[in-house]
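# Topology and contacts: notes
The primary structure of each chain is shown beneath.
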Number of protein chains: 2
Amino acid sequence: MPARPRRARVLPPRSLAEIGRALARLPGPDAKAQMRARAREPHLTKPRGALGRLEELAHWAAAWQGRHPARIERIAVRVFAANHGVVAQGVSLYPAEVTAQMVANFAKGGAAINQLCRAARAELKVAALDLGRPTADFTEAPAMTEAEFLAAFARGFRAVPDRADLLCLGEMGIGNTTAAAAVCHALFGGRTVAWVGPGTGLTGRALKHKARVVAKAVARYRQAVAANPLDALRCLGGREMAAIAGAVLAARFRRIPVLLDGYVCTAAAAPLEAARKGALDHCHAGHVSAEPGHRRLLAKLGQAPLLDLGMRLGEGTGAVLAAALVRAACAAHAGMATFAEAKVSGRKRPRARKRQNQ
Amino acid sequence: MPARPRRARVLPPRSLAEIGRALARLPGPDAKAQMRARAREPHLTKPRGALGRLEELAHWAAAWQGRHPARIERIAVRVFAANHGVVAQGVSLYPAEVTAQMVANFAKGGAAINQLCRAARAELKVAALDLGRPTADFTEAPAMTEAEFLAAFARGFRAVPDRADLLCLGEMGIGNTTAAAAVCHALFGGRTVAWVGPGTGLTGRALKHKARVVAKAVARYRQAVAANPLDALRCLGGREMAAIAGAVLAARFRRIPVLLDGYVCTAAAAPLEAARKGALDHCHAGHVSAEPGHRRLLAKLGQAPLLDLGMRLGEGTGAVLAAALVRAACAAHAGMATFAEAKVSGRKRPRARKRQNQ
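First, a word on scope: everything that follows refers to the structure included in this document. (Residues numbered from 1 in each chain as written. Chains lettered and ligands numbered in written order. Predicted model: local features only at pLDDT ≥ 70, side-chain atom pairs only at ≥ 80, totals over all residues. Heavy atoms only, no water.)

### A few points about the overall build of chain A
Stated precisely, the cut-off is as follows: Helix numbers and strand numbers start at the N terminus; a helix is a DSSP run of H or I with at least 4 residues, a strand a run of E with at least 2. The reference for a compact globule is 2.2 Å times residues^0.38; the radius of gyration itself is calculated from the C-alpha atoms. A 1.4 Å probe rolled over the protein chains alone gives each residue an accessible area, and that area as a share of the maximum for its type sets the label: buried under 20%, exposed over 50%, partly exposed in between. Contacts are residue-level and defined by heavy atoms, with any inter-residue pair within 4.5 Å sufficient. Where accessible areas are quoted, they stem from the Shrake-Rupley method and a 1.4 Å probe; at the residue level, only the protein chains shown are allowed to cover. Positive: Lys, Arg. Negative: Asp, Glu. His and the chain ends are not part of the count. Note that the charge is assigned to NZ on lysines, CZ on arginines, CG on aspartates and CD on glutamates.
Scanning chain A from N- to C-terminus turns up 16 helices and five strands. Here chain A has a C-alpha radius of gyration of 22 Å; the compact-globule value for 358 residues is 21 Å, and the two agree. The proportion of buried residues among the 358 residues of chain A is 65%. Put simply, 80% of the contacts in chain A that link residues at least 6 apart link residues at least 24 apart. For chain A, the accessible surface area stands at approximately 12,900 Å², while carbon and sulfur atoms represent 53% of it. For chain A, the distance from the average position of its 54 positive side-chain charges to the average position of its 25 negative side-chain charges is 8 Å.

Below is the structure:
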């Protein structure tokens, strides 16, 4: 079994400047592991390219785990929950108490993510971030102070285990599709309505109201976000989103490939990419959500989702489903026999084929 | 644990007429199990519809297993292998010996499907059908006599276990994308080239040659196929394809939902649907293959594939990957707490929402 390379430092950044410095010295993919994965591929007993995106996933996992062949044994799932001041604006069909109630449901094993983790043999941990203290209503003030943002970011950073083969990220927070839409709109511009979706089920006037709330908030912080994309998270995001960004950064330093979940999770990671191109290269989009802004966001990030099942639950559900694909991809790459080992004939030589075709 | 309903007779049909009679009395979905699944869904702790296609899959599994909640514990994977006389026409990049070599590779655990079954905790059995005796070259004579067709069909029928929670079907046979294209073209018409794809990797002149071979063969049997769609399988298919059709029929009588794999597997099942509308209602397309005819075929059958990963290997690989989704869907449906059990608040009442939105 190949040894894992020594990991870089694992302390969370203590200031925005330190996050910037961490982004400036991100570890890249392991070129040797990636090369070995690519070199093995054409020898495996299948026509070239016949496993499609599974081939790419096995190479990606090798590159970012820093070993060949990549292994997916320990799948760590981290779900972050927080409350949002902006729910005072009436942007959700569900009351804010549901966030804490769902965290209790996670703890008792009754939520969708619990069942999907069991089915995928994945290890779930949920972190509730100051549920009794929602972020500020960002139509009136920045959602978080710098200290609050850094505390949430550090919480996510520290939630990443030292050793795991794959990290799936998820979130829960009544009101957080409003925050996600605001973060995306502030980062990428365009029409407000293109980023605003039904969330838990808004329609008609309520949906238009949500768009107005987002537009108002984004106008407030556009300049700050242009100067520092991470301010989109601090001013318009939420604690669970800051934690996700911290976890994405920690996973990069710990050589753990990441599966992102839906709209809120991807929006939480997007400011890292906006601040430093390539910052999400160790991340794959597990799925594309039914929340319409998600498809647009993935396109902006150059991410092609692995699944498209009309889901829009969050909690990491789409990421954990996709983890089974990554595990299968790595199992196929590592375990398949080569043409030589299995004594399977390769392609006929072109000349012989030409004769046959006449 | 709910009891499974008594199963219908499990003997394979001994004549084409008996297949016709079986198709005339196919068991339908279990309306009670389906109703119970639909009734439970809105009580589960998630916004309505938030699990997207996973919800539909759990209802589908309940309807066709005939129990609520559906359970996915035993996943049976059946792969059928056969050789094709049409390879004499030079329609594949690989020599016909590869079929037997790959069957040996399956037996030793070295193929992609072995790794994916292990990752999915699925039970794999491979049946090699008369590899030393290829079907006739269907450009010159029907691929199979009626007796040969029925023997292969029965082999597939008997390969389905009495009890399994999900059946994944797959195939291996050098030359069989040519057979699949011919079956589809004979059943559904259209332009020949729309059904003919690269298979293991044909391009340019070789691909055009493959299309000519298909067009020539289909012209020969068009009338026979119009009279009886199953003749598409007998005259233009292969033994592995007849076996798949038999397995699909057996699974219906044994109340086992089925995941189809790629182009060849779906083409093998298609004549059943052409002969009797609804005959594939207990089947789901596991994925859509990179072989271009597959997407068109799925559209003809009204099937929306679960995965779209650019795969084109066959062996049941796409079906087994999708099995993890069905298992997750059933686990979520069965295991999630209801709003009442978890004491999670439901939606706010519309009036309260309206006030907030003002």
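### Details of the nonpolar core
Applied cut-off: Put simply, buried Ala, Val, Leu, Ile, Met, Phe, Trp, Tyr and Cys residues joined by side-chain atoms within 4.5 Å make one nonpolar core.
With 122 residues, the main nonpolar core has L259 of chain A together with L259 of chain B as its most contacted residues. Ignoring sequence-local partners within four residues, the contact set of L259 of chain B consists of W60, L166, L167, C168, L169, H284, L306, A319, A322, A323 and V326 of chain B.

### Re the side chain of H185 of chain A
Residues and elements named next belong to chain A. Looking at where H185 falls in the secondary structure, it is placed in helix α7 (residues 176-188). On the accessibility criterion, H185 (3% relative accessible area) is buried. Those residues in contact with H185, other than ones at most four positions away along the chain, are G190, R191, T192, W195, V214, V218 and R222.

### A look at the relation of the copies chain A and chain B
The criterion, for reference: Superposing the copies works by least squares over the C-alpha atoms of residues that have pLDDT at least 70 in both of them.
Mapping chain A onto chain B leaves a residual RMSD of 0.0 Å; the transformation is a rotation of 180° accompanied by 0.0 Å of translation along its axis. Such a turn and shift between the copies fits a two-fold axis. When the interface residues of chain A are mapped onto chain B, 98% of them again fall at the interface, so both copies present the same face.

### Brief notes about the interface of chain A and chain B
How we decide: Defined in terms of a 1.4 Å probe, buried area is the accessible area two parts forfeit on being brought together, summed over both. A carboxyl oxygen of Asp or Glu within 4 Å of a side-chain nitrogen of Lys or Arg is what we treat as a salt bridge. Any N or O atom pair separated by 3.5 Å or less is treated as a polar contact, with the protein-specific requirement of one donor-capable and one acceptor-capable atom, and with residues adjacent in sequence counted only for side-chain atom pairs.
The partner chain B presents 63 residues to the 64 residues of chain A that form the contact. Both sides together, the interface formed by chain A and chain B hides about 5,500 Å², and carbon and sulfur atoms give 60% of it. Seen at the junction of chain A and chain B, the total is zero salt bridges. One can count 20 residue pairs in polar contact (both at pLDDT 80 or more) joining chain A with chain B.

### Regarding the sheet that holds strand β2 (residues 123-128) of chain A
Residue and element names in this part refer to chain A. The condition that has to hold: At least two DSSP bridges between two strands are required for those strands to pair. Whenever a helix is involved, its axis is fitted only over the stretch in contact; in every case the axis is a line through C-alpha atoms, and angles between N-to-C directions fall within 0 to 180 degrees.
Read across the sheet, five strands follow the order β2-β1-β3-β4-β5 without closing on themselves; strand pairing throughout is parallel. Every other strand in the sheet has two partners, leaving β2 and β5 (283-285) as the edge strands with one partner each. Adjacent strand axes in the sheet meet at a mean angle of 25°, parallel and antiparallel pairs treated alike. The pairing of strand β3 (residues 166-172) with strand β4 (residues 258-260) spans two bridges and is classified as parallel. Note that in β4 the partner of L167 across the bridge is V258.

### Side note on helix α3 (residues 53-65) of chain A
Residues and elements named next belong to chain A. For clarity, the threshold we go by: In this scheme, a helix's expected span is set at 1.5 Å multiplied by one less than its residue total.
With 13 residues, α3 should reach 18 Å at 1.5 Å per residue; the first-to-last C-alpha distance of 18 Å fits that figure. In terms of burial, α3 is largely enclosed, as twelve of its 13 residues are buried. For α3, every residue scored as buried is listed here: R53, L54, E55, L57, A58, H59, W60, A61, A62, A63, W64 and Q65. G66 sits one or two positions beyond α3 and adopts a positive phi of about 75°.

### Describing the sheet that holds strand β4 (residues 258-260) of chain B
Residue and element names in this part refer to chain B. Strand order in the open sheet formed by five strands is β2-β1-β3-β4-β5, with parallel pairing between adjacent strands. The sheet terminates laterally at β2 (123-128) and β5 (283-285), the two strands that pair on one side only. Pairwise comparison of adjacent strand axes, ignoring direction, gives a mean angle of 25° for this sheet. Relative to strand β3 (residues 166-172), strand β1 (residues 75-81) runs parallel, the two being bridged by seven bridges. Its bridge partner lying in β3, R78 is registered against L169. Contacting β1 and β2, helix α6 (residues 146-159) crosses the sheet at an angle of about 160° to β1.

### Digging into the side chain of S289 of chain B
All names here are of chain B. Note on placement: S289 falls in the loop between β5 and α13 (292-301). Of note is the side chain of S289, whose polar atom sits 3.4 Å from the backbone oxygen of M311. For S289, the residues in contact, after removing those within four places along its chain, are G262, Y263, H294, M311 and R312.

### A short note on the packing of aromatic side chains
Residues and elements named next belong to chain A. Where we set the bar: Classification of ring pairs uses Phe, Tyr and Trp, with its six-membered ring standing for Trp, and accepts pairs whose centres are within 6.5 Å; under 30 degrees between planes counts as stacked, over 60 as edge-to-face, and the remaining range as tilted. Criterion for a charge above a ring: Lys NZ or Arg CZ within 6 Å of the ring centre, and within 35 degrees of the ring normal.
Considering all chains together, one arrives at four aromatic pairs over all chains under this definition. An angle of 45° between the planes, with centres 5.8 Å apart, marks the rings of F149 and F153 as tilted. Here F153 and F149 lie together in helix α6 (residues 146-159), a separation of four residues that amounts to about one turn. Each member of the pair, F149 as well as F153, carries the same accessibility label: buried. Stacked on the ring of W195, the Lys or Arg R296 has its end atom at 5.8 Å from the ring centre.

### Regarding the pattern of salt bridges
A complete count under the given rule lists 30 salt bridges over all chains for this structure. A salt bridge links E55 of chain B to K46 of chain B, with the nearest nitrogen and oxygen atoms 2.9 Å apart. Judged by its relative accessible area of 5%, K46 of chain B falls in the buried class. Between R74 of chain B and E123 of chain B there is a salt bridge whose closest N-O contact spans 2.9 Å. Remark: E123 of chain B occurs in strand β2 and R74 of chain B occurs in the loop between α3 (53-65) and β1; sequence separation between them is 49 residues. Exposure remark for E123 of chain B: the relative accessible area of 26% places this residue in the partly exposed category. Within this structure, D130, R133, E148 and R239 of chain A form a network of salt bridges that share partners.

### Side note on the environment of R133 of chain B
Residue and element names in this part refer to chain B. Looking at the element boundaries, R133 is found in the loop between β2 and α6. A relative accessible area of 42% places R133 in the partly exposed class. If we ignore the near neighbours within four places in the chain, the residues touching R133 are E148 and R239. A distance of 3.1 Å separates polar atoms of two side chains, one belonging to R133 and the other to E148.

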